[in-house]
Amino acid sequence: MKAYDGMYIDGAWRPAAGPDVIEVVDPADGQVIATVPAGTVEDVDAAVRAARAALPAWAATAPAERAARLAALRDVLAARQEEIARTVTAELGAPLKLSQTVHAAVPVAVAGSYAELAATYPFEERTGNSTVLHEPVGVVGAITPWNYPLHQIVAKAAPALAAGCTIVVKPAEDTPLVARLFAEAVHEAGVPAGVFNLVTGLGPVAGQALAEHPDVDLVSFTGSTAVGRRIGAVAAAAVKKVALELGGKSANVILPGADLARAVNVGVANVMSNSGQTCSAWTRMLVHRDQYDEAVELAAAAAAKYGDRIGPLVNAKQQERVRGYIEKGVAEGARLVAGGPDAPRERGCFVSPTVFADVTPDMTIAQEEIFGPVLSVLRYEDEEDALRIANGTVYGLAGAVWAADEAQATAFARRMETGQVDINGGRFNPLAPFGGYKQSGVGRELGVHGLTEYLQTKSLQF
């Protein structure tokens, strides 16, 4: 076990203000692998003051120079991908292949995209007799989750830096080690002192202090809708800007005539990826009544293949939460066709890949975000019924539509109340805006839309 010390503040690792530490546990076997400092209000204040002091110079830095620092950061992350992957596997429990291909690789692409945007975005433009300036919003407080620990940091830090903002990141307490690696990468890339700062700590202490700090101009949070509401309320009291990427209960709609086997197999893979700990996972599969039984059989067979291929959930609390949802699904009358609430292994925070059939739209497992490897298969009568079910939750983060005719799928997708829809298995695009409708959040991440979250607009009339 390694005991890490210090917070990354003002370009250096500085001793924490308090003595408390957070234990980092490998969820695959329950062993403590490291400790990090538990940040205090004083640590957060020091980090925010450093960010505030660095803001004028960084905001005035030419976009080309900000682009160069981001390009350097991309290169450092690329060079350290294997170390990043192994760190994520140790603290999150993700299989190493997933850590290599997703957790370590995607942040490189995202950082690179913002290096390009920083160099090409029109921070100044003419409109009639006005010059419109797009200026940094100021100091950003970023509170990031554990499920994609590096990606979520990069998805906030990279656009913030590209915009000319300075930032303080409070990573999830379950996965702070890769956040420390990112701070090292920022330092190696030559980002000036105070522009990026890192404080590890607990949400109710360090996270709340960051959200409430009077010198934080924007709070960017990814996590549960319940916590997002609290952060929104805190920010509203000071009229701060917020960017909230929250929960999801996304629908995977398979229309008659679609390639059923492919749609089901891809849908199951989507839910099982990252052990189901993905806010945009298509956890509701909607199938026409005439193909329903076949789809259920296909889904059960596909899920069975993931029994020894997915990692554990992040911690024992999350494991019990997911098992509780499975038990509730059974109690409310859904039919288990794969998996179940029993832990598949004696050690570690594992949950069996689970598929429910005979799920109705009003059941708890069809309405609430489970955040585990649990799929609900629902039947519908016609397209209007499918649309009603797909839109029938408080969430609207992502989704999918499958059809033989792409135009039919696109027409259906346009009517879905959700921020992102994959058509017939469309590929992930790091330049496309990501974010939700309804209680899935406020604002967007990735691409140019992610950059504009960190900008404010000024007009000069001549």
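Please read all numbers here as calculations on a predicted model, not as lab measurements.

Each value, and the rule that gives it
Residues numbered from 1 in each chain as written. Predicted model: local features only at pLDDT ≥ 70, side-chain atom pairs only at ≥ 80, totals over all residues. Heavy atoms only, no water. Helix = DSSP H or I, 4+ residues; strand = E, 2+ residues; numbered from the N terminus. Buried < 20%, exposed > 50% of the residue type's maximum accessible area, 1.4 Å probe, protein only. Contact = heavy atoms within 4.5 Å. Core = buried A, V, L, I, M, F, W, Y, C linked by side-chain atoms within 4.5 Å. UniProt positions renumbered as here; feature names shortened; annotations may be inferred. Pairing = 2+ DSSP bridges. Axes fitted to C-alpha atoms, helices over the stretch in contact; angles between N-to-C directions. Salt bridge = Lys/Arg side-chain N within 4 Å of Asp/Glu carboxyl O. Phe/Tyr/Trp six-rings, centres within 6.5 Å; stacked < 30°, edge-to-face > 60°. Lys NZ or Arg CZ within 6 Å of the ring centre and 35° of its normal.

Asker: So, the environment of Pro344: which residues are in play, and what are the values?
Answerer: With respect to the helices, strands and loops of the structure, Pro344 is situated in the loop between strand E15 (335–338) and strand E16 (354–357). On the accessibility criterion, Pro344 (41% relative accessible area) is partly exposed. Put simply, Pro344 and Gly307 are 37 residues apart on the chain and 8.4 Å apart in space, counted from C-alpha to C-alpha. Apart from the residues within four sequence positions on either side, Pro344 is in contact with Phe350, Val351 and Ser352.

Asker: I'd like to hear about the nonpolar core, residue by residue, with values.
Answerer: With 67 residues, the main nonpolar core has Leu70, Leu77, Ile167, Phe182 and Phe196 as its most contacted residues. Sort the elements by how many residues they give to this core and helix H6 (residues 149–163) lands first, with ten residues. Not counting residues up to four positions away in its chain, the partners in contact with Phe196 are Tyr8, Ala157, Ile167, Val169, Phe182, Ala183 and Val186. Counting residues in hydrophobic clusters, the runner-up holds 29 residues, among them Met363, Ile365, Ala366 and Leu387.

Asker: Please give an account of the UniProt feature "active site" (unreviewed entry) in the chain that cites residues and values.
Answerer: Feature annotation in UniProt places "active site" (unreviewed entry) on Glu245, given in this structure's numbering. Tracing the chain through its elements places Glu245 in strand E12 (residues 241–245). Accessibility expressed as a relative area gives 4% for Glu245, which makes it buried. Glu245 has contacts with Gln152, Phe221, Thr222, Gly223, Cys279, Leu397, Phe434, Ser440 and Glu445, leaving out every residue within four places of it along the chain.

Asker: Can you explain the sheet that holds strand E7 (residues 130–136)? Please cite residues and give values.
Answerer: Sheet architecture is open: three strands sit in the order E6-E7-E21, paired in antiparallel fashion. The sheet is open, and its two edges are formed by strand E6 (124–127) and strand E21 (455–461), each paired on a single side. Sheet twist, expressed as the average angle between the axes of neighbouring strands with direction ignored, equals 25 degrees. Relative to E7, E6 runs antiparallel, the two sharing four bridges. When the bridges of E7 are listed, Thr127 appears paired with Ser130.

Asker: An account of the pattern of salt bridges is requested, with residue identities and associated values reported.
Answerer: Scanning the model with the defined rule gives 19 salt bridges in all. We note a salt bridge from Arg86 to Glu82, for which the minimum N-O separation is 3.0 Å. With Arg86 and Glu82 both in helix H3 (residues 81–92) and four residues apart, this pair spans about one turn of that helix. The class of Arg86 is partly exposed, set by a relative accessible area of 49%. The partner of Glu445 in a salt bridge is Lys156, with the nearest N and O atoms 2.8 Å apart. Of this pair, Glu445 sits in the loop between strand E20 (441–442) and helix H16 (447–452) while Lys156 sits in helix H6; the two residues are 289 residues apart in sequence, bridging distant segments of the chain. Residue Glu445 shares its accessibility class with Lys156, and that shared class is buried. It is possible to trace a salt-bridge network through shared partners that takes in Arg52, Asp215 and Asp217.

Asker: Tell me about unusual backbone geometry, and name the residues and values.
Answerer: You will see that Asp10, though not glycine, has its phi angle at about 55 degrees, which is positive. Summarising the element assignment, Asp10 is placed in the loop between strand E2 (7–9) and strand E3 (12–14). For Asp10, a relative accessible area of 33% puts it in the partly exposed group. We note that Asn424 has phi near 50 degrees; this positive angle belongs to a residue other than glycine. Along the chain, the position of Asn424 falls in the loop between strand E19 (422–423) and E20.

Asker: Any details on the pairing of strand E8 (residues 139–143)? Residues and values, ideally.
Answerer: Counting buried positions over the five residues of E8 gives five, a clear majority of the element. Every second residue of E8 is oriented toward a common face, with Val139, Gly141 and Ile143 on one face and Val140 and Ala142 on the other, all of them buried. Relative to strand E9 (residues 166–170), E8 runs parallel, the two being bridged by five bridges. Its bridge partner being in E9, Ala142 is matched across the sheet by Val169.

Asker: Can you break down the packing of aromatic side chains residue by residue, with the values?
Answerer: Counting across every chain of the model gives five aromatic pairs. One cation-aromatic arrangement involves Arg180 over Trp13; the distance from NZ or CZ to the ring centre is 4.2 Å.

Asker: Please set out the side chain of Ser130 residue by residue, giving values where relevant.
Answerer: By the element assignment, Ser130 lies in strand E7. For Ser130, a relative accessible area of 9% gives the class buried. Setting aside its immediate chain neighbours within four residues, Ser130 contacts Glu125, Leu460 and Gln461.

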